[in-house]
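Spelled out from the first residue to the last, the chains are:
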Amino acid sequence: MVSVIIPVHNDEALLVEVINNLLSTAHTNKFQIVVVNDGSVNNVGRFVPFNLDIPFCHIKTVDIPRQKGVGYAFDRGVEAADGDIIVLMGADVFTDDNWLNNVIDAVATFPNDIGCSACVGLSPEIRDMKRPERRVRYGAD
């Protein structure tokens, strides 16, 4: 199974859009989403746990009461994940169609080469992954 780890701080509205995008472009529900709330606060500075009203049974949330940073949040998300393939993803990433099969195919094709992969943000207005100026990088050690 693939687990997608998404740290987020104070942007639940965009997070809902990102998760809905993940669900609509995966074409299956055979993956897990782990949302790590990295110390989100309300307008008076009090910690607010996320209450995601999204009809998807494979969502876990991890609440960190004080912001500790994206690296710490990714680590806590990986600890909570059930998948054997982990995708580290920013809370502003909008995936391309069939992203899940592309991840699974990449790991199957390069099982010894992909040690780590991370998704960087694409704004909803500029989702064209085929535009020539975009940069794609696969894997890292």
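Criteria and cut-off values
- Per chain, the residues get numbers from 1 upward, laid out in the order the sequence is written.
- The model is predicted, so local features are restricted to residues of pLDDT at least 70 and side-chain atom pairs to those at 80 or more, both for listing and for counting; the totals for chains, interfaces and linings are taken over all residues.
- Only heavy atoms go into the side-chain values, all of them from the structure, while hydrogens and water stay out.
- Grouping buried Ala, Val, Leu, Ile, Met, Phe, Trp, Tyr and Cys residues that are joined through side-chain atoms within 4.5 Å yields what is termed a nonpolar core.
- Buried residues are those whose accessible area, probed at 1.4 Å on protein chains only, stays under 20% of the maximum for their type, while exposed residues exceed 50% and partly exposed ones sit between those limits.
- Every helix listed is a DSSP run of H or I at least four residues long, and every strand listed is a run of E at least two residues long, numbered separately from the N terminus.
- Throughout, a residue-residue contact means that at least one pair of heavy atoms, one from each residue, lies within 4.5 Å.
- For this document, the term salt bridge refers to a Lys or Arg side-chain nitrogen within 4 Å of an Asp or Glu carboxyl oxygen.

> Looking at this structure, how should I read the nonpolar core?
Nonpolar side chains tend to gather and get buried jointly when the protein is soluble and globular. Of all hydrophobic cores here, the largest spans 24 residues; its most connected members are Val4, Ile6, Leu15, Phe31, Ile33, Val35 and Met89. No other element matches helix α1 (residues 12-26), which puts 5 residues into this core. For Ile6, the residues in contact, after removing those within four places along its chain, are Leu15, Val18, Leu22, Ile33, Val34, Val35, Val36, Met89, Gly90 and Ala91. Of all hydrophobic cores here, the second largest spans 10 residues; its members include Ile5, Val34, Phe74 and Leu88.

> So what exactly am I meant to see when it comes to the pattern of salt bridges here?
Once their charged atoms are close, side chains differing in charge can pair, the charge on each being opposite to the other. Evaluation of the coordinates by the stated rule reveals 2 salt bridges. Taking the shortest distance from any N to any O, the salt bridge between Lys60 and Asp82 comes out at 3.3 Å. Taken together, the positions of Lys60 in strand β3 (residues 59-64) and Asp82 in the loop between α2 (70-80) and β4 (85-89) put the pair 22 residues apart, joining distant regions of the chain. Close ionic contact of Arg76 with Glu79 constitutes a salt bridge, the shortest N to O distance being 2.8 Å. Highlighted residues: Arg76 and Glu79, both in helix α2, separated by 3 residues, approximately one helical turn.

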